Structure formats: structure tokens, C-alpha cells
Amino acid sequence: MIHLKRDRKVLVGVVSSLVTAVIWSACFWHFVTEFKSDSFTKPQSSHSPSPYPCNCQNNGTCQNEICICLDEWKGDHCDIANFCERHKYNSAQGVFTFNRILVGQYGYSNEECEPHTLNANISKATRLCTENNRTITLQDVTLVDCNKNLENLMEQIMGHITEEELLKIAITTQILTSEPDKMTAENITFAAQMVEHILNQSNLLDSFQAAFLAITTISQLLNVNQTAFDPTNIEIFNITQSLTETLEDVLTDVGSSFSQVVQPNLAVSSIKLESGTTRGILLSALKGYDDTLVSKRIELNTNASKFLLNTNAEVQMFINVSTNQSQVGKLGFILYQNDKFFQSKVHRSINDGSRR
């Protein structure tokens, strides 16, 4: 049983390792749908609290007695911070300044590589803002080699590498694609190839952190200039098809520890299905001020008894899943903001549910 609620343009993909699992009433491996609606109007910012009963703070807006918060805030009244504040980082390589960074996302330094380097005008450093047990923390700063480009990284990743080396390659690739609006068609193709290699290696080494970095890079690439992204280009066509298949493999590999990653343009989640179980899974993407995807607005109920309509959600999907007594499986969700890389007309999986 599949139940969909949709309110705005977004793409939803569902992938399942159906060699070992069955989705009731819809035995498929890959499902993609696109939809658009004008039913949701982006609220206007206001500096005054909303009237009772919402009492929204920090420019939150009341809709249907629920606060719609800016990405930087969360909570019933938009009164809980969801960011790491602007700050400076002192190191032997210099002082790096970072603007406000949302929880679960990477921020880039205002300091850039010098004009005479290979990576001129690319940020020199990045760091991740995380939250654990309601404590928001800045992770260590990673510096980029201003004279190492994607071609150098491709040569490195094609050889035998350790997880530590893979992480260095993944973080550098992420930084080098941090300004997608400046990328050419050749850059896009090369970057997508790098991401595919990183995803494959992350699966082999079972490195969730490397997969996290790869998905962050994909999210950035979804912002590439439309004029530079030409799906009729055979190289772009081939890599988008291959990248889609690789992402599906990562999400449905029963031996992988991959769980969930949410970035501004891409949210992916993988759920392990134990043997001999039947349960409902409900995915909800809640409304926000803008079209970006934020972890606080992605809800995944892995033990839902039925579909429950949430009027504050832009996207909802409910699936009943059953596995037999001797096998386990994986179910993956892919939620993304545009179809530059993940177009159903580009890649179609086998409808009988078999892996390939």
C-alpha cells in the first residue's frame, strides 16, 4: 500500500532491495514521481511575534495554528536555535571566518584560494555544524589544498586507498564544488564522476562519513547553472544515469550502515528491514520558509500503523513493507529539489523488483 500527499514541486524516489523484501501492492525497485502545486504560499517575514495561539518568535509565521520557522530556528514557537553562530578559527595556516552554519550542514570560510592557484576563489576551509543530545557543536576545520584539483583527486581515488584517504578526497571534492553556479559542463561531469567513485568506495569501506560528504556534494551540484547542465550531452547523460544507480545501491545494500543525510537540495534515508516483520513507514517533509530541505523538517516514522495526514507537511509517503522469515532487506527514500541529476526518463529500474 502506498499513500502519497504532495504540495509542491519536488521529486520523491523509493528504492528497495526487493530480492529480500516485498512492498505490498507495488513490487518495484525504483519509483519516481514529480508534482507541483500552488497551494502553498511562502510566508512573508515579520519581526513581531505572531498572535495567539502560535506566539511564533524569530520571524516565524503562524499557519493553521502552527509556527512555520526560518531554517535557523525550530521548536513549537521557533525559539530553539538550529545553527552554529558566526565565528573565527585560528590556525597555523591563518585565521578563517565562517558565517552562520545550519545544523547538519557544512559552512565555508570567507577566505579563498589565491588567484594564482588552481583553485582560485574557492574557499580555503570548511567545517560541519552538528547537534547531539540537544548540544550544538562545530566539528574540526578542514583545509583544502589550493593546488589540487578534481583531476588530481580522480587519479588518487582510482588506486587502493584507506578510509582516511577517502575522507580527504571526499571533503576536498565537496569544497571544490562549493560554487556550482561557476561550474562548466566539463566540471559538472568530472565532479559527478568523482562523487560516484566516492559513493562506491564508501560502500566498500562502509564509511558513512564519506557517503555523507558525497551526498553533500550532490546537493551542491543540483544548484549548477541551468545553461551549463545539458542533459542531452552524452557524457552528462551517462554519468547521471550511473550516479542514480550507484546511489540506489548504497541505500539498498543490506550490509551497509548508511542511515540518513539531509542537505539543502537532497535528503536520503535508508531503513533496514528485519526478517519476518510487517510494518508501515511514513515519510513527511514539513513546510518551511523556503524550498530547502532541512533535517529538522524531515520526519521518518518507521513503525507507523497507518497513514496520518499532517496539514503542515508538503510531502508525505506511507508504505507497508513485509519481509519473509529468512531474509532481511533495505528500503531507501530519496527526496530532491530538482531533476537535474535524477530524472526518471534517464534511468528506469526493472519493475519486477529484481536488483541489477
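Residues numbered from 1 in each chain as written. Predicted model: local features only at pLDDT ≥ 70, side-chain atom pairs only at ≥ 80, totals over all residues. Heavy atoms only, no water.

- Per an unreviewed UniProt entry, the chain is named Putative G-protein coupled receptor 128, and its organism is Callorhinchus milii.

**What about the nonpolar core?**
Point 1. Counting residues in each nonpolar core, the largest one holds 52 residues, and the members touching the most others are L199 and V268.
Point 2. Sort the elements by how many residues they give to this core and helix 4 (residues 208–221) lands first, with eight residues.
Point 3. Split by domain, the residues of this core number at least three in each of domain 2 (87–125 + 132–256) and domain 3 (262–336).
Point 4. Excluding residues within four positions of it along the chain, L199 makes contact with A211, A214, I218, L243, T246, L247 and V250.
Point 5. Judged by nonpolar contacts, the second largest core, of 16 residues, contains V262, V321, L331 and L335. (Core = buried A, V, L, I, M, F, W, Y, C linked by side-chain atoms within 4.5 Å. Buried < 20%, exposed > 50% of the residue type's maximum accessible area, 1.4 Å probe, protein only. Helix = DSSP H or I, 4+ residues; strand = E, 2+ residues; numbered from the N terminus. Domains from an automatic or database assignment. Contact = heavy atoms within 4.5 Å.)

**A closer look at the packing of aromatic side chains**
Point 1. By the definition in use, this model includes three aromatic pairs.
Point 2. Ring centres of Y106 and F212 lie 6.1 Å apart, and the angle between their planes is 65 degrees; on these two criteria the pair is classed as edge-to-face. Taken together, the residues span a long stretch of sequence, with Y106 in strand 13 (residues 106–108) and F212 in helix 4 at a distance of 106 residues.
Point 3. An angle of 70 degrees between the planes, with centres 6.3 Å apart, marks the rings of F208 and F212 as edge-to-face. (Phe/Tyr/Trp six-rings, centres within 6.5 Å; stacked < 30°, edge-to-face > 60°.)

**Here we look at the layout of surface pockets**
Point 1. Its volume calculated, the largest pocket comes out at about 890 Å³.
Point 2. If you go around the largest pocket, you meet 37 residues; those closest to its centre are Y106, L128, T130, Q209 and F212.
Point 3. Listed by contribution, the elements that provide at least two residues to the lining of the largest pocket are strand 14 (125–132), strand 16 (142–143), helix 1 (150–157), helix 2 (163–176), helix 4 and strand 17 (260–263).
Point 4. No other element matches helix 2, which puts seven residues into the lining of the largest pocket.
Point 5. Its residues assigned to classes, the lining of the largest pocket shows 15 nonpolar, twelve polar and ten charged.
Point 6. Taken domain by domain, the lining of the largest pocket gets at least three of its residues from each of domain 2 (87–125 + 132–256) and domain 3 (262–336).
Point 7. For the second largest pocket, the calculated volume is near 410 Å³.
Point 8. In terms of lining, the second largest pocket is formed by 22 residues, of which the most central are Q105, Y106, G107, Y108 and P264.
Point 9. Mapped onto the lining of the second largest pocket, the elements with two or more residues apiece are strand 12 (101–102), strand 13 and helix 4. (1 Å grid on protein atoms, 1.4 Å probe; cavity = no way out; pocket = protein on both sides within 12 Å on 5 of 7 lines; lining within 4 Å. Points joined across faces, edges and corners; volume = space filled by probe spheres on them. Nonpolar A, V, L, I, M, F, W, Y, C, P; charged D, E, K, R; others polar.)

**Section: empty space enclosed by the protein**
Point 1. Applying the stated criterion across every chain, the model contains four cavities of 30 Å³ or more.
Point 2. Estimates place the volume of the largest cavity at around 60 Å³.
Point 3. Residue assignment for the lining of the largest cavity shows that the elements contributing at least two residues are strand 17, strand 18 (266–273) and strand 22 (329–336).
Point 4. Taken together, the residues of the lining of the largest cavity break down into eight nonpolar, two polar and no charged.

**Re unusual backbone geometry**
Point 1. The phi torsion at N133 lies on the positive side, around 55 degrees, for a residue other than glycine.
Point 2. Its place among the elements puts N133 in the loop between strand 14 and strand 15 (135–138).
Point 3. Positive phi, close to 50 degrees, is recorded for D206, a residue that is not glycine.

**Here's the deal with the pattern of salt bridges**
Point 1. Enumeration according to the criterion identifies six salt bridges in this entry.
Point 2. One salt bridge in this structure joins K74 and E131, with 2.7 Å as the shortest N-O distance. Here K74 is found in strand 7 (residues 73–74), whereas its partner E131 is found in strand 14, with 57 residues between them in sequence.
Point 3. Taking relative accessible area as the criterion, E131 reaches 30% and is therefore assigned partly exposed.
Point 4. Between K182 and E179 there is a salt bridge, with the nearest N and O atoms lying 2.7 Å from each other.
Point 5. Judged by its relative accessible area of 54%, K182 is exposed.
Point 6. Look at E179 and you get buried, because its relative accessible area is 18%. (Salt bridge = Lys/Arg side-chain N within 4 Å of Asp/Glu carboxyl O.)

**Focus on the state of the cysteines**
Point 1. Summed over all chains, the structure comprises five disulfides.
Point 2. Bridging C54 to C62, the disulfide has an S-S length of 1.9 Å. Classification of the bridge connecting C54 and C62 rests on its S-S torsion, roughly 55 degrees, and on that basis the disulfide is right-handed.
Point 3. Note on C54: relative accessible area 2%, which makes it buried.
Point 4. The exposure class assigned to C62 is partly exposed, which follows from its relative accessible area of 27%.
Point 5. In this model, C84 is linked to C129 through a disulfide, with the two sulfur atoms separated by 2.2 Å. Taking the torsion about the S-S bond as the criterion, the C84 to C129 disulfide, at about 85 degrees, is right-handed. Of this pair, C84 sits in strand 9 (residues 83–84) while C129 is found in strand 14, placing the two residues 45 residues apart along the sequence. For the pair C84 and C129, one class covers both residues: buried.
Point 6. Each bonded cysteine of the chain is numbered by sequence order, and under that numbering the disulfide pairs are 1-3, 2-4, 5-6, 7-9, 8-10. (Disulfide = S-S within 2.5 Å.)

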